[in-house]
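Structural characterization, general
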Amino acid sequence: MGLLSTIFGILCGFLNSIFSLFAFGIGTSIGLVIGYYAFINALPTDVEDVKVCPLVEEDLETLQRLIPEIPLWVKNPDFDRVDWLNKFIENMWPYLDKAICATAKNIAKPIIDEQTPQYKIQSVEFETFTLGTIPPTFQGMKVYTTDDKELIMEPSIKWAGNPNIIIAVTAYGLKATIQVLDLQVFGIPRITLKPLVGIFPCFASIFVSLMNKPHVDFGLKLLGVDLMAIPGLYRFVQELIKDQVANMYLWPQALEVQIMDPEQALKRPLGILDVTVVKAVKLQRKDLLGKSDPYVKLNLREEKVALKKTTVKRSNLNPEWNEEFSFVIKDPATQVLELRVYDWDQVGTHEEMGLNVVPLKDLAPDEPKVLTLVLLKTLNPNDPQNDKPRGQLVIELVYKPFKEDEMLDDIDDSGMMEKAPEGTPAGGGLLVIIVHEAQDLEGKYHTNPHVRLLFKGEERKTKRIKKNRDPRWDEEFQFRLEEPPTNDRLHVEVYSTSSRIGLLHSKESLGHVSINLVDVVHNRRVNEKYQLIDSRNGRVQIELQWRT
């Protein structure tokens, strides 16, 4: 009995503990539920809605302190977001870098050449000119629409780049190098493209102005010494540049970069002028030991197109050519055809034998006209040298205006392919080489470039242009061939010759290129810019034509 009493007591104690825990759990749960509903009912019911305030001008200063680099398109609704433009510039920056640097050097060169004499500076050369690998970013762009033929843009530009610009200055026989690096430029320029025309790139000029003083910061080293570390010089140079740039280009003043002649760009081609150089009569002898070797140059005065030339007639004072040429005419009321007769010389310059001009306004449309021009020394009617007989030039002209449905907006005179002159071998043709221009030529001692052509053992040369890294010749050379030059190459070399007698380095090569002529035989015409070998950035533009 005692054992059963003990077991019964333990069982009752255990059941009492179980019921106590169960009661605690139920009581706690009921208390939490009652407390939650009591708390909800005790909250006030008159809570006000949250106020939403728009951004106003007074808040911008505070907002800028909170978010220092907020884009302009967020702050100003007139500026559009241009993330696509930043992506485009990022991908194109290696190529834009070269193009911008070349344009900047072309703009700076005449300004430097004009200013250096008064400071007794002998030369200023760009040894290195690159804008680095970090492109600028556009924080937004504002675009204006006007009734004029123009496009106006105001981009917000921020650029913290890593350019490397090294300028070598020579004065009093001493040479110093200046290096510009770690450039920062913040500003809002106004870029105006005008006038808008129907010829690619669809605008004639670019005008750049500044709407406010830009922020400019950079490092400057002279002979390897950081000049910006000099106390007080940093702020002085920075403020000086801001003031100078603002004085030159602050709106409404502008920097103009001409892309094409605006007057010519706005003119549409109106017709074709066909010219036949028939013959010359009673030319005056220029060679002391024999007759002259005449040829004729033709061009439209004040037009930037390649000269056209007849073949050379050896030892003949009454030559006959019967060679045809064509020109695109844009303004027959003002354009003038100029003809000059030269005596070809193998050594030295070709001597001019006479010239004359034909105003196109004197030609009736679609009516052939034969003219016998008296060759003159100059175009001055009062020049007594014109009284001396120089011979006559016979030509045939016909101006063919386009009909309204034949008007061309994008025809180019250089695209007119002529036929080879009479006498050209049936299986061969005429190889025409036009040396247009060169860019970024660099001479170690001087840059007075001319182009030397070597083809089938025969050498031809352009004229020399003094002190020019981007010369333009537009000179034409012709080779009459018995067969197409499909397996031949044209050797082109750019030379610089010094104008000083006795100079140690009187002649130096600025680069060369060898051109395979098979393409011009198949395509009839090739006009390309060739990278010069043994030149850092030099290029030469050569146009090749194969006429049959």
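See the structure shown above.
Residues numbered from 1 in each chain as written. Predicted model: local features only at pLDDT ≥ 70, side-chain atom pairs only at ≥ 80, totals over all residues. Heavy atoms only, no water.

For any pair of aromatic rings, the description consists of the separation of the ring centres together with the inter-plane angle of the planes. This structure, assessed with the given rule, holds four aromatic pairs. Ring centres of Tyr295 and Tyr342 lie 5.8 Å apart, and the angle between their planes is 20°; on these two criteria the pair is classed as stacked. Here Tyr342 lies in strand S15 (residues 336-343) and Tyr295 lies in strand S12 (residues 294-300), a separation of 47 residues in the sequence. Neither Tyr295 nor Tyr342 differs from the other in exposure class; each is buried. Between Phe455 and Phe479 the ring centres are 5.2 Å apart and the planes differ by 70°, which places this aromatic pair in the edge-to-face class. (Phe/Tyr/Trp six-rings, centres within 6.5 Å; stacked < 30°, edge-to-face > 60°. Helix = DSSP H or I, 4+ residues; strand = E, 2+ residues; numbered from the N terminus. Buried < 20%, exposed > 50% of the residue type's maximum accessible area, 1.4 Å probe, protein only.)

Time to look at the environment of Val208. Here Val208 is to be found in strand S7 (residues 203-210). Separated by 49 residues in the primary sequence, Val208 and Val257 place their C-alpha atoms 8.4 Å from one another. Excluding residues within four positions of it along the chain, Val208 makes contact with Pro189, Arg190, Gln253, Ala254 and Leu255. (Contact = heavy atoms within 4.5 Å.)

Glancing now at the environment of Phe79. Mapped onto the elements of the fold, Phe79 is located in the loop between helix H3 (72-75) and helix H4 (83-115). According to the relative accessible area criterion, Phe79 is buried, its value standing at 7%. C-alpha separation for the pair Phe79 and Ser156, spaced 77 residues apart in sequence, amounts to 8.7 Å.

Turning our attention to a nonpolar patch on the surface. On the surface, a nonpolar cluster with roughly 490 Å² of combined accessible area is contributed by Trp84, Phe88, Met92 and Tyr95. By the secondary structure assignment, Met92 is in helix H4. (Patch = residues over 30% accessible without salt bridge, like charges linked within 9 Å, V, L, I, M, F, W, Y side chains within 5 Å. Areas by Shrake-Rupley, 256 points an atom, 1.4 Å probe, with all protein chains shown as cover. Salt bridge = Lys/Arg side-chain N within 4 Å of Asp/Glu carboxyl O.)

Okay, the pairing of strand S21 (residues 458-461) next. One ladder, built from four bridges, connects strand S20 (residues 449-455) with S21; its direction is antiparallel. Opposite Phe455, over in S21, you have Glu458 as the bridge partner. The antiparallel hairpin formed by S20 and S21 contains two residues in its connecting segment, where Lys456 sits at a positive phi of about 55°. (Pairing = 2+ DSSP bridges.)

Okay, the sheet that holds strand S18 (residues 392-401) next. If you walk across this open sheet you meet the four strands as S14-S11-S18-S17, and the pairing is antiparallel. The open sheet has two edge strands with one neighbour each: strand S14 (320-329) and strand S17 (369-374). Across this sheet, the average inter-strand angle for adjacent strands is 25°, counted without regard to direction. Summarising the sheet, S17 and S18 pair through six bridges and their orientation is antiparallel. Along S18, the bridge assignment pairs Val374 with Gln392. (Axes fitted to C-alpha atoms, helices over the stretch in contact; angles between N-to-C directions.)

A few words now on the environment of Lys109. Mapped onto the elements of the fold, Lys109 is located in helix H4. Judged by relative accessible area, which is 27%, Lys109 ranks as partly exposed. Sequence-wise, Lys109 and Glu125 are 16 residues apart; in three dimensions their C-alpha atoms are separated by 8.9 Å. Among all residues touching Lys109, those that are not within four sequence positions of it are Lys467 and Arg469.

Treat this as a map of the structure, not an account of what it does.
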